[in-house]
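One letter stands for each residue in the lines below.
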Amino acid sequence: MLTRRQFVASAALLAVSGWAGHSFISPAAAQTADQGASAFIQKLGNDAIATFSDKSLPRDQAIQRFRTLLYAGFDVPYIGRWVLGRYWNSANEAQRAEYQKLFEQLIVNTYAERFVEYSGETFKITGVAAAGEADSMVTTQIVRPNGPPVNVSWRVRKSGADYKIIDVVVENVSMGVTQRQEFASVIEQNGGRVDGLIQALRQKVGSRAG
Amino acid sequence: MKLASLSRSLLRTATVLAFALTATACATNPGDSGAKDGAYQVNDPLEGANRVVFAVNDAVDTVALRPAAEVYVAVVPDPIRDAIHNFIDNLMAPLYIANNLLQGNFDGATDATGRFLTNTILGAGGIADVASQAAIPHASEDFGQTLAVWGVGDGPYLVLPLLGPSNLRDTVGYGVDTVGDPVRIWAYAHNGQGLMYTRAGVSAVDRRSEVLQSVDDLRRNSLDFYATVRSLYQQQRQAAIANSKGPSAQEFPDFTTAPKP
């Protein structure tokens, strides 16, 4: 087991880490939390539930409505650019334009299905806190008819009077970070060429378009 | 007994490895991870081998684990599955308590102890999760997290056969947890190896059954499923280690004011 020396060393480490941990829990962030961001998420969520509860809607119309809500709620071009990260700089204008188009299509393909197949989930806002310099993190809990509730946080940025979501964090996993790392991996597998990613996106999106 | 000496040598190797890791962690300064390319930092020097193991695991999942989980969900009613899940989790409680203490997290240890006592006594030996209804928070603390709290860095990303995504630190942690697992110690002392295999099997099916749809979605929507899983693993571990208190370290720059190239 642990020797005495190791134990003392770890005890010291523990003391330090325990102390460091406490400085994180400060109420300062709550003071700057933006209630407008929370109201924005509440409204967007209500709209989404109202839209997809209506099961009489034909499928293609439901997907069209999803796209409308997506643009009302999310800054899709921002997310696309953020996800591409450093490779944005090495892409030319034509590549950027095609990438953004494919990225949007990928988002619609990925998420439209889940919303269209809405089956009675509800959500409640559990908190809002300042994030970074300009954003708010709105934390929600999605309650599902079967299965445990899911914690989802929405990173909301205000520009002018408008709020837009720029990242979604599901059970501590950021969708933006996941996609950024995935795309970086695809680009690296293709010798660092953005074209490799665009090709893969074309295949992914094309195979499910229609 | 052969096994006891095996455990001892395993533990010794683990300790040595752990301290070797600490040394590397200090040398590379984990605080740098928030640097400009932080979001791309994937420490995966064995990617080639990892991808092979990942593909094998994926095949095993497709032909065995996923179908088993589907049958499990279809055949076993919800309340019984919950009971099985709770029972397996409650058996891990002594490890959660120990790891909380080793991390110096006394609130966590108190919660874990409270959960264990509540569920064992009021929850009929752990099949009912009374503690959650009483709002005692649940956090599974393992030795990999303890090492992280002690300052040990992740080490290279590893995909373990059958066990799935890990890294060097968490693999060591898993070894230590396995050795320290009271159920294993009891089972080996009473010739109950069969019980261990049963628990491992049921536990795998139980965990798989909880993520059936999410994994299907991920697989379908990924361009590179391997990279997606690697990213998920790293993010979830970071959150588990920090007990999800710390805010995301990612930077979201304002592109509108950035100089146009």
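Residues numbered from 1 in each chain as written. Chains lettered and ligands numbered in written order. Predicted model: local features only at pLDDT ≥ 70, side-chain atom pairs only at ≥ 80, totals over all residues.

1. Here we look at the overall build of chain A
Helix and strand content of chain A: 9 helices and 5 strands. For chain A, the sequential pattern of α-helices and β-strands runs α-α-α-α-α-α-α-β-β-β-β-β-α-α. The proportion of buried residues among the 210 residues of chain A is 29%. Taking the intrachain contacts of chain A between residues at least 6 apart in sequence as the baseline, contacts between residues at least 24 apart amount to 51%. (Helix = DSSP H or I, 4+ residues; strand = E, 2+ residues; numbered from the N terminus. Buried ≥ 20, exposed ≤ 12 C-beta atoms within 10 Å, placed from the backbone. Contact = placed C-beta atoms within 7 Å.)

2. Some words on the environment of Leu101 of chain B
Here Leu101 of chain B lies in helix α4 (residues 93-102). Sequence separation between Leu101 of chain B and Glu141 of chain B is 40 residues, and the spatial gap between their C-alpha atoms is 10.0 Å.

3. So, the nonpolar core
Among the nonpolar cores identified, the biggest contains 31 residues, and Ala37, Val138, Val156, Phe183, Ile187 and Leu197 of chain A are the most heavily contacted of them. With 5 residues, the single largest contributor to this core is helix α5 (residues 76-84) of chain A. Among residues more than four places away in sequence, those in contact with Leu197 of chain A are Phe183, Val186 and Ile187 of chain A. Grouped together as the second largest cluster of nonpolar side chains are 13 residues, Trp150, Val159, Leu168 and Val176 of chain B included. (Core = buried A, V, L, I, M, F, W, Y, C linked by C-beta atoms within 7 Å.)

4. Section: the pairing of strand β3 (residues 150-159) of chain A
Residues and elements named next belong to chain A. Pairing of strand β2 (residues 135-143) with β3, which is carried by 8 bridges, proceeds in the antiparallel orientation. Along β3, the bridge assignment pairs Thr140 with Val152. Here β2 folds back onto β3 in antiparallel fashion, the turn holding 6 residues, of which Gly147 has a positive phi close to 100°. By the bridge criterion, 8 bridges tie β3 to strand β4 (residues 162-170) in an arrangement that is antiparallel. Residue pairing across strands places Arg157 opposite Lys164, the latter belonging to β4. The antiparallel hairpin formed by β3 and β4 contains 2 residues in its connecting segment, where Gly160 sits at a positive phi of about 65°. (Pairing = 2+ DSSP bridges.)

5. Topic: the packing of helix α9 (residues 182-189) of chain B against helix α10 (residues 193-210) of chain B
In a packed pair of helices, the relevant descriptors are the angle between the two axes and the axis-to-axis distance. Residue and element names in this part refer to chain B. Running from amino to carboxyl end, α9 crosses α10 at an angle of 145°, the nearest separation of the two axes being 7 Å. For the pair α9 and α10, contact is made by Val183, Arg184, Ala187 and Tyr188 and by Gln193, Leu195, Met196 and Arg199, respectively. In the contact of α9 with α10, the residues fall into 5 nonpolar, 1 polar and 2 charged. (Axes fitted to C-alpha atoms, helices over the stretch in contact; angles between N-to-C directions. Nonpolar A, V, L, I, M, F, W, Y, C, P; charged D, E, K, R; others polar.)

6. Describing unusual backbone geometry
You will see that Glu171 of chain A, though not glycine, has its phi angle at about 45°, which is positive. Even without being glycine, Ala124 of chain B reaches a positive phi, approximately 55°. Inspection of the secondary structure assignment puts Ala124 of chain B in the loop between α5 (106-121) and α6 (130-133).

7. Comments concerning the sheet that holds β4 of chain A
Residues and elements named next belong to chain A. Strand order in the open sheet formed by 5 strands is β1-β2-β3-β4-β5, and the pairing between neighbours is antiparallel. Each end of this open sheet is capped by a strand with a single partner; those strands are β1 (122-131) and β5 (173-174). With 9 bridges joining them, β1 and β2 adopt antiparallel strand pairing. By the bridge assignment, Lys124 is partnered in β2 with Gln141.

8. Some details on the packing of helix α4 (residues 59-73) of chain A against helix α7 (residues 93-116) of chain A
All names here are of chain A. The geometry of α4 relative to α7 is characterised by a closest axis approach of 10 Å and an angle of 115° between their N-to-C directions. Classed by the angle they form, the pair α4 and α7 counts as roughly perpendicular. The two elements α4 and α7 meet at a crossing, and its hand is right-handed. Every residue of α7 that contacts α4 at Arg59, Ala62, Ile63, Phe66, Arg67 and Leu70 is listed here: Ile107, Val108, Ala112, Phe115 and Val116. (Parallel < 35°, antiparallel > 145°, perpendicular 65-115°, else oblique. Left-handed = near helix turned anticlockwise from the far one by under 90°.)

9. Describing α10 of chain B
Residues and elements named next belong to chain B. Here α10 contains 18 residues, and its C-alpha end-to-end distance of 26 Å stays within 8% of the 26 Å for a straight helix at 1.5 Å per residue. Residues of α10 that are buried include every one of Val205, Arg208 and Ser209, and no others. An end-on view of α10 places all buried positions within 105° of arc, on one side of the element. Exposed and oriented more than 90 degrees from the buried face of α10 are Gln193 and Ala200. (Expected span 1.5 Å × (residues − 1). Arc of directions from axis to C-beta.)

10. Some words on the confidence of the model for chain B
Residues and elements named next belong to chain B. Averaged over chain B, the pLDDT score is 83; the fraction of residues at 70 or greater is 80%. For chain B, the element scoring lowest by mean pLDDT is helix α1 (residues 2-28), at 48; strand β1 (residues 157-160) scores highest, at 96. Here residues 18-38 scores under 50 on pLDDT; set against residues more than four positions off or in separate chains, the count is 22 contacts. This complex was scored by the predictor with a pTM of 0.79 and an ipTM of 0.77. (pLDDT = per-residue confidence, 0-100.)

11. Side note on α4 of chain A
Residues and elements named next belong to chain A. Over its 15 residues, α4 extends 21 Å from the first C-alpha to the last, a length consistent with the 21 Å expected when each residue adds 1.5 Å. Ala62, Phe66 and Gly73 are the residues of α4 that are buried. Within α4, the buried residues cover an arc of 50° as seen down the axis, which keeps them to one side. Among the exposed residues of α4, those pointing more than 90 degrees away from its buried face are Asp60, Gln61 and Thr68. Along its buried surface, α4 packs onto α3 (35-53), α7 and β4.

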